[in-house]
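Here is what each chain is made of, one letter per residue.
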Amino acid sequence: MEAVGNKQEVSGVKDEVREDVLKRLNYIDGHLAGVRRMIEEGKYCPDILKQSFAVRRAIEKMEAIILEGHLHTCVIDGVKNGREEQMVQEMLELYTLIGRS
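All figures in this text were calculated on a predicted structure; none of them were measured in a lab.

J.: In this structure, what is going on with the packing of helix 1 (residues 15–40) against helix 2 (residues 45–80)? I would like to understand it.
T.: Each pair of packed helices gets described by two things: the angle between the helix axes and the distance between those axes. Close contact between helix 1 and helix 2 brings their axes to 10 Å; oriented N to C, the two are set at 165°. As summarised for this structure, helix 1 and helix 2 are arranged roughly antiparallel, according to the angle between their axes. The hand of the helix 1/helix 2 crossing is left-handed. Residue classes in the contact of helix 1 with helix 2 are distributed as 17 nonpolar, four polar and four charged.

J.: Mind showing me how you'd approach the packing of helix 2 against helix 3 (residues 84–99) here?
T.: One way to put it is that helix 2 packs onto helix 3 with a least axis distance of 8 Å and a crossing angle of 155°. Compared by their axis directions, helix 2 and helix 3 come out roughly antiparallel. Classified by chirality, the crossing of helix 3 by helix 2 is right-handed. The segment helix 2 lies against helix 3, with Leu67, His70, Leu71, Cys74, Val75, Gly78 and Val79 engaging Glu84, Met87, Glu90, Met91 and Leu94. A breakdown of the residues in the contact of helix 2 with helix 3 according to their chemical character gives eight nonpolar, two polar and two charged.

J.: Is there a simple way to think about the pattern of salt bridges in this case?
T.: Should their charged atoms come close, side chains of opposite charge can pair. Per the counting criterion, the structure on display carries three salt bridges. Of the charged contacts in the structure, one is a salt bridge between Arg24 and Asp20, with a shortest N-O distance of 3.1 Å. Here Asp20 and Arg24 lie together in helix 1, a separation of four residues that amounts to about one turn.

J.: Looking at this model, I keep getting lost on a nonpolar patch on the surface. Mind explaining?
T.: Among the surface-exposed residues, Leu67, Leu71, Leu94 and Leu97 lie close enough to one another that they form a single nonpolar patch of about 290 Å² accessible area. Looking at the nonpolar patch, the elements with two or more residues in it are helix 2 and helix 3. Tracing the backbone through its elements, the reader meets Leu71 in helix 2. With a relative accessible area of 37%, Leu71 lands in the partly exposed category.

J.: How should I be thinking about helix 2 in this particular structure?
T.: Each full turn of the α-helix corresponds to 3.6 residues, which orients residues three or four apart in the same direction. In this model, helix 2 (36 residues) spans 51 Å end to end at C-alpha, consistent with the 52 Å of a helix rising 1.5 Å per residue. Residue Leu71 marks the point of greatest curvature in helix 2, where the axis turns by about 40°. Along helix 2, the positions that sit buried rather than exposed are Ile48, Ala54, Val55, Ala58, Met62, Ile65, Gly69, His70, Cys74, Val75 and Gly78. Where helix 2 is buried, its residues meet helix 1 and helix 3. The positive-phi residue at the C-terminal boundary of helix 2 is Gly82, with phi of around 80°.

About the thresholds
- Residues numbered from 1 in each chain as written.
- Predicted model: local features only at pLDDT ≥ 70, side-chain atom pairs only at ≥ 80, totals over all residues.
- Heavy atoms only, no water.
- Axes fitted to C-alpha atoms, helices over the stretch in contact; angles between N-to-C directions.
- Helix = DSSP H or I, 4+ residues; strand = E, 2+ residues; numbered from the N terminus.
- Parallel < 35°, antiparallel > 145°, perpendicular 65-115°, else oblique.
- Left-handed = near helix turned anticlockwise from the far one by under 90°.
- Nonpolar A, V, L, I, M, F, W, Y, C, P; charged D, E, K, R; others polar.
- Contact = heavy atoms within 4.5 Å.
- Salt bridge = Lys/Arg side-chain N within 4 Å of Asp/Glu carboxyl O.
- Patch = residues over 30% accessible without salt bridge, like charges linked within 9 Å, V, L, I, M, F, W, Y side chains within 5 Å.
- Areas by Shrake-Rupley, 256 points an atom, 1.4 Å probe, with all protein chains shown as cover.
- Buried < 20%, exposed > 50% of the residue type's maximum accessible area, 1.4 Å probe, protein only.
- Expected span 1.5 Å × (residues − 1).
- Bend = angle between axes of the 7 residues up to and from the residue.

Below is the structure:
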């Protein structure tokens, strides 16, 4: 690992998680394009909202998958490598961001 600023450079999303996330992003892209089309066509507002709620749920599921992968790999590696405080700070930052939703 190489130091970058005050953080250590770490690997990104693992391959098996990346594949799942990319599939979900394709679904989200398509669904979001459908929402845009519905708005452009002047569809009924509750129908548009139902579809946008589905997009939001899909994004939340994707985020949960990424977070779970991070907890099972990067966080464990960080703790094993003596970066407990950095890992705690990352988790606190994410927790704070979630609370702002």
